[in-house]
Amino acid sequence: QGQISQSAVSQHRDLASSNLFTYVDEAELFNRSTFAAYVALVDNYVAKTGRKEVMTSSENAEIDAFITAIQNTDVIIRLHEFLSYKGLASTDLSTFTAYLREMWFGLYSRSKGAAMDSSGFEHVFLGEFKGGKVSGFHNWITMYLREKDGETNYYGYIWDKQPAILAVQLRWGSLYKNLGSMFYGVSPEFDLAMFTMCYVTTPDILCRFNMAGASVAIQ
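> Mind showing me how you'd approach the pattern of salt bridges here?
For side chains bearing opposite charge, pairing can occur when the charged atoms are close. Counted under the stated rule, the structure contains 5 salt bridges. Salt-bridge contacts for E28 lead to R32; the nearest nitrogen and oxygen are separated by 3.0 Å. On the basis of relative accessibility, which here comes to 39%, the residue E28 falls in the partly exposed class. Between E151 and R146 there is a salt bridge, and its shortest N-O distance comes to 3.4 Å.

> Can you walk me through helix 7 (residues 140-148) in this structure?
Given 3.6 residues per turn, any residue in an α-helix points the same way as the ones three and four places further on. With 8 of its 9 residues buried, helix 7 lies for the most part within the structure. For helix 7, the complete set of buried residues consists of W140, I141, T142, M143, Y144, L145, R146 and E147. The N-terminus of helix 7 is capped by N139, whose side-chain oxygen sits 2.9 Å from the backbone nitrogen of I141. G150 sits one or two positions beyond helix 7 and adopts a positive phi of about 80 degrees.

> Whenever I open this one, the pairing of strand 5 (residues 175-183) confuses me. Can you help?
Taken residue by residue, a regular strand's side chains alternate between the two faces of the sheet. With 7 bridges joining them, strand 4 (residues 165-172) and strand 5 adopt antiparallel strand pairing. Residue pairing in the sheet places W172 in a bridge with L175 of strand 5. Counted between consecutive antiparallel strands, the loop separating strand 4 from strand 5 contains 2 residues, among which G173 sits at a positive phi close to 65 degrees.

> Help me understand unusual backbone geometry, please; the structure alone is not making it clear to me.
Glycine aside, residues mostly have negative phi, and peptide bonds are mostly found in the trans state. Cis geometry is adopted by the peptide bond preceding P163, which originates at Q162 and carries an omega value of 0 degrees. Tracing the sequence through the fold places P163 in the loop between strand 3 (152-161) and strand 4. Although it is not a glycine, F137 adopts a positive phi angle of roughly 70 degrees. Exposure remark for F137: the relative accessible area of 0% places this residue in the buried category. Its identity as a non-glycine residue notwithstanding, D204 has a phi of 70 degrees, on the positive side.

> Is there a simple way to think about the packing of helix 4 (residues 74-85) against helix 8 (residues 188-201) in this case?
Between two packed helices, the angle of one axis relative to the other and the distance separating the axes together describe the packing. Running from N to C, helix 4 and helix 8 cross one another at 15 degrees; their axes reach a closest spacing of 9 Å. By the angle between their directions, the pair helix 4 and helix 8 is classed as roughly parallel. Handedness of the crossing formed by helix 4 with helix 8: right-handed. Across the interface between the two elements, V75, I76, L79, F82 and L83 of helix 4 pack against E189, F190, L192, A193, T196, M197, V200 and T201 of helix 8.

> Sorry, what's going on with empty space enclosed by the protein here?
Space left empty within the atom packing is revealed by a probe, the size of a water molecule, rolled over the atoms. Counted under the stated rule, the structure contains 1 cavity of 30 Å³ or more. One number sums up the size of the largest cavity: a volume of about 30 Å³. In terms of lining residues, the largest cavity is bounded by V42, Y45, V46, A47, E122, L126, G127, R146 and W172. Within the lining of the largest cavity, the residues separate by chemical class into 6 nonpolar, 1 polar and 2 charged.

Calculation notes
- Residues numbered from 1 in each chain as written.
- Predicted model: local features only at pLDDT ≥ 70, side-chain atom pairs only at ≥ 80, totals over all residues.
- Heavy atoms only, no water.
- Salt bridge = Lys/Arg side-chain N within 4 Å of Asp/Glu carboxyl O.
- Buried < 20%, exposed > 50% of the residue type's maximum accessible area, 1.4 Å probe, protein only.
- Helix = DSSP H or I, 4+ residues; strand = E, 2+ residues; numbered from the N terminus.
- Polar contact = N/O pair within 3.5 Å; in protein donor to acceptor, adjacent residues only side chain to side chain.
- Pairing = 2+ DSSP bridges.
- Axes fitted to C-alpha atoms, helices over the stretch in contact; angles between N-to-C directions.
- Parallel < 35°, antiparallel > 145°, perpendicular 65-115°, else oblique.
- Left-handed = near helix turned anticlockwise from the far one by under 90°.
- Contact = heavy atoms within 4.5 Å.
- 1 Å grid on protein atoms, 1.4 Å probe; cavity = no way out; pocket = protein on both sides within 12 Å on 5 of 7 lines; lining within 4 Å.
- Points joined across faces, edges and corners; volume = space filled by probe spheres on them.
- Nonpolar A, V, L, I, M, F, W, Y, C, P; charged D, E, K, R; others polar.

Written out as structure tokens, the structure is:
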């Protein structure tokens, strides 16, 4: 509902009459270990860049629980096999999972050194406020949860491509994400595996690959 043309994304017109998600079976989905562990992470971060992120012991425990939940899933095992075969990751699984934890949850500055205010996970999966706009925000579960809580407003979609990739416009608070793409209906470990593969194999350039017979590009 509410398709937005590429030429009109800057106009910020709400062309969607209802939410992006009308129904998600939370009882079934969020009882899965990786989904439940992911949901626990969503409220752990300050969205505005420039404000120091302080990770409490309980929040670090939630990160550990998420890593533990995903490490033996098929997609992470395949990711590990692929990267270690290419010589891009340790063959030892515990070393590899520690590498994933640091890659995604290690803090760094997205405010020119003013504060340790960001992580790969926060930026890519949860989104941030930077420069008067929404930055990152590429996960459908986060979109569902924030839309359900009234934090985000779905304005419409720019394109919908196979395999299950949607580009949307949204408003989060008073700020806009003009065009944000995300896989939808997939597990959090799937997203993490895809983004990790691209980051490790093609750092700082557009990552192109084929999936389910379709061409996919991740920046």
